[in-house]
Amino acid sequence: MSNCIYCGSSSSPGSHCSNSPIKTHVSPQVGRCSYCGSSSSAGSHCSYSPTKTHVVLQPGKCSFCGSTSSPGSHCSYSPTKMHIHGVGTV
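Keep in mind that this is a model prediction, so the values were computed, not measured. (Residues numbered from 1 in each chain as written. Predicted model: local features only at pLDDT ≥ 70, side-chain atom pairs only at ≥ 80, totals over all residues. Heavy atoms only, no water.)

## With respect to the overall build of the chain
Stated precisely, the cut-off is as follows: Every helix listed is a DSSP run of H or I at least four residues long, and every strand listed is a run of E at least two residues long, numbered separately from the N terminus. With the radius of gyration taken over C-alpha atoms, the globule rule is written as 2.2 Å times the number of residues to the power 0.38. Burial here depends on accessible area, computed with a 1.4 Å probe over protein chains only, as a share of the maximum for the residue type. Under 20% is buried, over 50% is exposed, and the range in between is partly exposed. Any two residues whose heavy atoms approach within 4.5 Å are treated as being in contact. Surface exposure here means Shrake-Rupley accessible area, sampled with a 1.4 Å probe, where a residue is shielded only by the protein chains that are shown.
Tallying secondary structure elements over the chain gives zero helices and zero strands in all. Taken over C-alpha atoms, the radius of gyration comes to 12 Å for the chain, in line with the 12 Å a tight globule of 90 residues would show. Once the C-alpha set of the chain is aligned to its principal axes, its extents read approximately 35 × 20 × 20 Å. Here the chain holds 90 residues, and the buried ones make up 34% of them. Residue pairs at least 24 apart in sequence account for 24% of intrachain contacts in the chain once pairs closer than 6 positions are excluded. Just so you have it, the chain exposes about 4500 Å², and 52% of that area is on carbon and sulfur atoms.

Listed below in structure tokens is the structure:
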């Protein structure tokens, strides 16, 4: 488990964090949602994420939808509307 990017705690993503702007711990981990810790697919519903979808750090895949499409091409799940690889947060 990685540490929260806002406070450094090893607490679970989604639990309360007073330092975070969304008031929950955010911990990017390969294969898990940075906002809730679930192993659910990127792009499926997440009530903790600011985009309301799971944001999952996955090598070679878009963090917002899980597609292997080229970075920069259109992605309806990404806040920038482009596929972004290698990020774990919004």
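## Section: the nonpolar core
We count it as follows: Here, nonpolar core refers to any group of buried Ala, Val, Leu, Ile, Met, Phe, Trp, Tyr and Cys residues whose side-chain atoms link them within 4.5 Å.
Counting residues in hydrophobic clusters, the biggest one holds ten residues: Val 26, Cys 33, Tyr 35, Ala 42, Cys 46, Val 55, Val 56, Cys 62, Phe 64 and Cys 75. Contacts of Cys 75, omitting those with residues within four sequence positions, involve Cys 62, Phe 64, Cys 65, Lys 81, Met 82 and His 83.

## A word on the environment of Gly 37
With a relative accessible area of 18%, Gly 37 lands in the buried category. Sequence separation between Gly 37 and Ser 11 is 26 residues; the distance between their C-alpha atoms is 10 Å. Residue contacts for Gly 37: discarding those within four places in its chain leaves Pro 13 and Arg 32.

## Digging into the state of the cysteines
A disulfide bridge is the covalent bond that connects two cysteines by way of their sulfur atoms. What counts, and what does not: Here, two cysteine sulfur atoms that lie within 2.5 Å of each other are counted as a disulfide.
The tally for this structure, following the rule as stated, stands at zero disulfides. The thiol sulfur of Cys 62 is not disulfide-bonded, and the nearest other cysteine sulfur, from Cys 65, lies at 3.8 Å. Among the residues examined, Cys 62 registers a relative accessible area of 0% and is labelled buried.

## Considerations on the environment of Ser 27
On the accessibility criterion, Ser 27 (0% relative accessible area) is buried. Expressed as a C-alpha distance, the spacing of Ser 27 and Thr 51, which sit 24 residues apart in the sequence, is 16 Å. What Ser 27 contacts, discounting residues up to four positions off in sequence, is Ser 2, Asn 3, Cys 4, Ser 11, Pro 13, Cys 33 and Ser 34.

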